[in-house]
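Structural features, examined
In case you want the letters, here they are:
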Amino acid sequence: MVAAGDPAGLAVGDVREEAGAGLEGLFDGQPVRLGSARWCGVEEQVLETGTDSVVWLQTGDQPAVAFRFEDRLRDDAVEAVAGLRAAGLRVLLLSGDQTGPVTQVAVALGITDARAGLSPGDKLAVVEALRGEGCRVLMVGDGLNDAPALAAGHASASLGDAADISRMASDVVLQGNRLRGLVELVTVARAAKRIAFQNFAMALLYNLVAVPIAVLGFDTPLIAAVAMSSSSLLVTLNALRLRLVARKAGG
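Structural notes, computed from the coordinates. (Residues numbered from 1 in each chain as written. Predicted model: local features only at pLDDT ≥ 70, side-chain atom pairs only at ≥ 80, totals over all residues. Heavy atoms only, no water.)

**Here's the deal with the overall build of the protein**
Applicable threshold: Counting from the N terminus, the helices are the DSSP runs of H or I reaching at least four residues and the strands are the DSSP runs of E reaching at least two. Here's how the labels work: a residue is buried when its accessible area is under 20% of the maximum for its type, exposed when over 50%, partly exposed in between, all with a 1.4 Å probe on protein chains only. Computed with the Shrake-Rupley method and a 1.4 Å probe, the accessible areas treat only the protein chains shown as cover for residues. Charged residues are defined here as Lys and Arg on the positive side and Asp and Glu on the negative side; His and the ends of the chain fall outside this count. By convention, the point assigned to a charge is CZ for Arg, NZ for Lys, CD for Glu and CG for Asp.
A tally of regular secondary structure across the protein gives 7 helices and 10 strands. Each principal axis of the C-alpha distribution contributes one length, and for the protein these read about 95 × 35 × 35 Å. Here the protein holds 251 residues, and the buried ones make up 29% of them. Accessible surface for the protein amounts to roughly 15700 Å². Of this, 60% is attributable to carbon and sulfur atoms. Computed over 22 positive and 28 negative side-chain charges, the separation of the two mean positions in the protein equals 14 Å.

**A look at the side chain of S95**
The test is simple: For this analysis, a polar contact is any N or O atom pair within 3.5 Å, provided that within protein one partner can donate a hydrogen and the other can accept it, and provided that sequence-adjacent residues contribute only side-chain to side-chain pairs.
Within the element layout of this structure, S95 appears in the loop between β6 (92–94) and α2 (99–109). From its side chain, S95 meets the backbone nitrogen of D97 in a polar contact 3.0 Å long.

**Let's talk about the environment of K123**
Rules: Between two residues, a contact is recorded if the distance between any of their heavy atoms is within 4.5 Å.
For K123, the position within the fold is in helix α3 (residues 120–132). Sequence separation between K123 and F197 is 74 residues; the distance between their C-alpha atoms is 34 Å. Once residues lying within four places of it in the same chain are set aside, the contact partners of K123 are L94, S95, G96, L118, N145, D146 and A149.

**Considering the sheet that holds strand β2 (residues 22–27)**
In plain terms, the rule: Between any two strands, at least two bridges found by DSSP are needed for them to pair. To get an axis, fit a line to the C-alpha atoms, keeping to the stretch in contact for a helix; angles then go from 0 to 180 degrees between the N-to-C directions.
A sheet is described by the order of its strands in space; here 5 strands give the open sequence β1-β2-β3-β4-β5, paired in antiparallel fashion. Each of the sheet's edge strands pairs with one partner strand only, and the pair in question is β1 (13–18) and β5 (65–69). For this sheet the average axis-to-axis angle between neighbouring strands, irrespective of direction, equals 15 degrees. Both β2 and strand β3 (residues 30–35) contribute to a ladder of 6 bridges, which runs antiparallel. When the bridges of β3 are listed, G22 appears paired with G35.

**Remarks on unusual backbone geometry**
Although it is not a glycine, D28 adopts a positive phi angle of roughly 55 degrees. Among the structural elements, D28 can be located in the loop between β2 and β3. You can call D28 exposed: its relative accessible area is 69%.

**Here we look at the side chain of N238**
With respect to the element layout, N238 can be found in helix α7 (residues 221–249). Taking the relative accessible area as the measure of exposure, N238 reaches 12% and is therefore buried. A distance of 2.8 Å separates a polar atom in the side chain of N238 from a polar atom in the side chain of N199. If we ignore the near neighbours within four places in the chain, the residues touching N238 are I195, Q198, N199 and M202.

**Regarding the packing of aromatic side chains**
For clarity, the threshold we go by: For Phe, Tyr and Trp, where Trp contributes only its six-membered ring, two rings pair if their centres lie within 6.5 Å, and the inter-plane angle classes them as stacked under 30 degrees, edge-to-face over 60, or tilted in between. Whether a charge sits over a ring comes down to the Lys NZ or Arg CZ being within 6 Å of the ring centre and within 35 degrees of the ring normal.
Applying the stated rule across the entire model yields 0 aromatic pairs. Sitting above the plane of the W39 ring, R33 keeps its charged end 3.7 Å from the centroid.

**Digging into α3**
Spelled out, the test is: Under the convention used throughout, the expected extent of a helix is 1.5 Å for every residue step, that is, one less than its residue count. What the arc describes is the spread of directions from the helix axis to the C-beta atoms.
Taking 1.5 Å as the rise per residue, α3 with 13 residues should run 18 Å; its terminal C-alpha atoms sit 18 Å apart, in good agreement. Among the residues of α3, P120, K123, V126, V127 and L130 are the ones counted as buried. Each buried residue of α3 lies within a common arc of 125 degrees when the element is viewed along its axis, so the set occupies one face. Lining the buried residues of α3 we find β6, β7 (113–115), β8 (138–140) and α4 (147–152). In the stretch just after α3, G134 is the one whose phi turns positive, near 95 degrees.

**Examining helix α6 (residues 181–215)**
When the terminal C-alpha atoms of α6 are compared, their 50 Å separation across 35 residues agrees well with the 51 Å that a helix rising 1.5 Å per residue should span. By the burial criterion, the buried members of α6 are G181, L182, V183, V186, A191, I195, N199 and A210. Trailing α6 by a residue or two, G217 shows a phi angle of about 80 degrees, which is positive.

**Quick notes on a negative patch on the surface**
Note the following rule: A patch consists of residues exposed above 30% relative accessible area that lack any salt bridge, with like charges linked at up to 9 Å and nonpolar side chains (Val, Leu, Ile, Met, Phe, Trp, Tyr) linked at up to 5 Å. Each reported salt bridge corresponds to a side-chain nitrogen of Lys or Arg within 4 Å of a carboxyl oxygen of Asp or Glu.
The grouping of D52, E70, D71 and D97 at the surface amounts to a negative patch. Its location among the elements puts E70 in the loop between β5 and α1 (77–86).

Pasting the structure below:
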């Protein structure tokens, strides 16, 4: 693998990234790869179906070495998924990880549609397919491989500690790294749309009533001023209700 010694002196040069696969560079004149099993030349029959996430390291012609990690859900992940489903949204899990850990996470979250082993292009294809079915997709992601799918969604969100490219591709960045913020986002967005339509309706009703009265000469400057100020105040107060919705959604 890598020779023992001072870790600070172990430098890998000419590093490049292969999207959805891993990293490749040169160490002591030998090629080094870190990433997925296939990227590191691991044969299909060697792959295991455990519940741990596995990252492989291959140095030169030596056999690849596996590093295993146990996935841990965010504290509010179960609550967030339950809240999204309660809001009437269909939740899908798209991951580049192996089937084992993805299935385990999906079961813990109560997600029935989970897809593993996806490349960035695969995730993008899923989003585009959903859009083709008439779905309005809210894509949520935090990794480099999520950026294309984030850009393709009708709306997209990432967490504050997400990769820079993911945050740049997202319409919303959730501060505080709380997945529960997704439920607040959906609730406030729906309320904002509803209140906007209400304000348009009130403005239309005002004009349908006020304009004929003014044309027929039954209006006076004082009445017109009071009516206009009252309608503006009513619309403003209705819009301020959104603050109450946001406060309630935020807990």
